[in-house]
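Each chain, written out:
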Amino acid sequence: MDVLIVGAGDVGRWFGDLVDGPPAFADVNPEQAEAAAEAAGPRARAVELDGDESFGLVCVAVPLSVATTVIEAQASRAQQGIVDLTGAMADPLATMAQVAPARERVSFHPLFAPEHAPGRVAVSTSAGGPATDRVRRWLEDAGNTLVDVAPEVHDEAMETVQGRAHAAILAFALAADDVPDGLETPVYEEIRALVERVTGGTPGVYADIQATFGGADEVAAAAQRLAESDSDEFAALYEDAGG
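Remember, it's a predicted structure, so these values are computed and weren't measured experimentally.

Rules and cut-offs
- Residues numbered from 1 in each chain as written.
- Predicted model: local features only at pLDDT ≥ 70, side-chain atom pairs only at ≥ 80, totals over all residues.
- Heavy atoms only, no water.
- Axes fitted to C-alpha atoms, helices over the stretch in contact; angles between N-to-C directions.
- Helix = DSSP H or I, 4+ residues; strand = E, 2+ residues; numbered from the N terminus.
- Parallel < 35°, antiparallel > 145°, perpendicular 65-115°, else oblique.
- Contact = heavy atoms within 4.5 Å.
- Nonpolar A, V, L, I, M, F, W, Y, C, P; charged D, E, K, R; others polar.
- Buried < 20%, exposed > 50% of the residue type's maximum accessible area, 1.4 Å probe, protein only.
- Left-handed = near helix turned anticlockwise from the far one by under 90°.
- Salt bridge = Lys/Arg side-chain N within 4 Å of Asp/Glu carboxyl O.
- Pairing = 2+ DSSP bridges.

Visitor: Could you give an account of the packing of helix 6 (residues 151-175) against helix 7 (residues 186-199), with specific residues and numbers?
Guide: At a minimum axis distance of 9 Å, the contact between helix 6 and helix 7 shows a crossing angle of 105°. Overall, the two elements helix 6 and helix 7 adopt an arrangement that is roughly perpendicular. Contacts from Ile169, Leu170, Phe172 and Ala173 in helix 6 reach Tyr188, Ile191, Arg192, Leu194, Val195, Val198 and Thr199 in helix 7. Looking at the contact of helix 6 with helix 7 residue by residue, the classes come out as nine nonpolar, one polar and one charged.

Visitor: Could you give me a rundown of the environment of Val60, with the residues and numbers involved?
Guide: By the secondary structure assignment, Val60 is in strand 4 (residues 55-60). As a C-alpha pair, Val60 and Leu85 span 25 residues in sequence and 6.2 Å in three-dimensional space. Here Val60 is in contact with Val6, Val70, Ile71, Ile82, Val83, Asp84, Leu85 and Thr86, once residues within four sequence places are set aside.

Visitor: Got a sec to walk through the environment of Thr212? Specific residues and values, please.
Guide: Structurally, Thr212 is set in helix 8 (residues 203-213). By relative accessible area, which is 41% here, Thr212 ends up partly exposed. The sequence separation of Thr212 and Asp177 amounts to 35 residues, and the corresponding C-alpha distance is 30 Å.

Visitor: Now, about the packing of helix 3 (residues 67-74) against helix 4 (residues 90-99): what can you tell me, with residues and values included?
Guide: One can describe the packing of helix 3 onto helix 4 by two numbers: an axis separation of 9 Å at closest approach and a directional angle of 20°. Of the possible angle classes, the one that applies to helix 3 and helix 4 is roughly parallel. In this structure, helix 3 crosses over helix 4, and the sense of that crossing is right-handed. Facing Thr68, Ile71 and Glu72 of helix 3, the residues of helix 4 in contact are Asp91, Pro92, Thr95, Met96 and Val99.

Visitor: Before we move on, could you go through the pattern of salt bridges and cite the residues and values that matter?
Guide: Throughout the structure, instances matching the rule amount to three salt bridges. With a closest N to O distance of 2.5 Å, Arg45 and Glu53 form a salt bridge. Given the relative accessible area of 37%, Arg45 is considered partly exposed. Given the relative accessible area of 31%, Glu53 is considered partly exposed.

Visitor: Pulling in residues and values, what's your account of the sheet that holds strand 7 (residues 120-127)?
Guide: With mixed pairing, the eight strands of this open sheet are ordered in space as 3-2-1-4-5-6-7-8. Both edges of this open sheet fall to strand 3 (45-46) and strand 8 (145-148), since each of them pairs with a single strand only. Inspection of the sheet shows strand 2 (residues 24-26) paired to strand 3 by two bridges, in the parallel sense. Note on strand 3: the bridge partner recorded for Ala24 is Arg45. Its contacts with the sheet put helix 2 (residues 30-40) on strand 2 and strand 3, and the angle it makes with strand 2 is roughly 160°. Contacts from helix 5 (residues 130-141) reach strand 1 (3-6), strand 4, strand 5 (78-84), strand 6 (104-110), strand 7 and strand 8 within the one sheet, and its direction differs from that of strand 6 by about 20°.

Listed below in structure tokens is the structure:
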């Protein structure tokens, strides 16, 4: 099955390594598509983003902010199925159903950055079939664990798993002062490690997550509750936090 990967960034390249044949790459930056194809092997190739060549499977691996727009533009190139790796599920799947109702449609969300693969991959199936079943096998063969989930359940979970978690980590980093060596506690060291992991990524990715799932307002409100609490109220909040 020939595969077109729309989006030649880290996630698109990661997916290209899983495909059991030479993929084609398309990207708003043609040079990035060329580089991804070169890295994927001699038979991989770059194609025009606005071309009309069709493929058995189209995989959309673009930022959240442009996911539905790209799906709308690229769905007609899919002969059998269209999937996405954008990080949200409800809106991409709804768009696929509108523009590709006769195609297989599945949303996959790797719950890790590509450099930390393999790991868990959330899967929401709108219309499955042999093409998207192959994608599932590629992911499993690479050591990933698939977690089937309804799109609305996934997106609601990401409000906490990504939006609030990332906001809390970044807020700590912005609020923290430098401390002398040797005065670190285990909790502080663990949080600093999380800060380094998050800030070692791409700012636009985290901005898109905040724009899609929110989180910063909720974290700020919780911090304000702590700041304004007396000892009894703090104790109650502490117990709630331990849940």
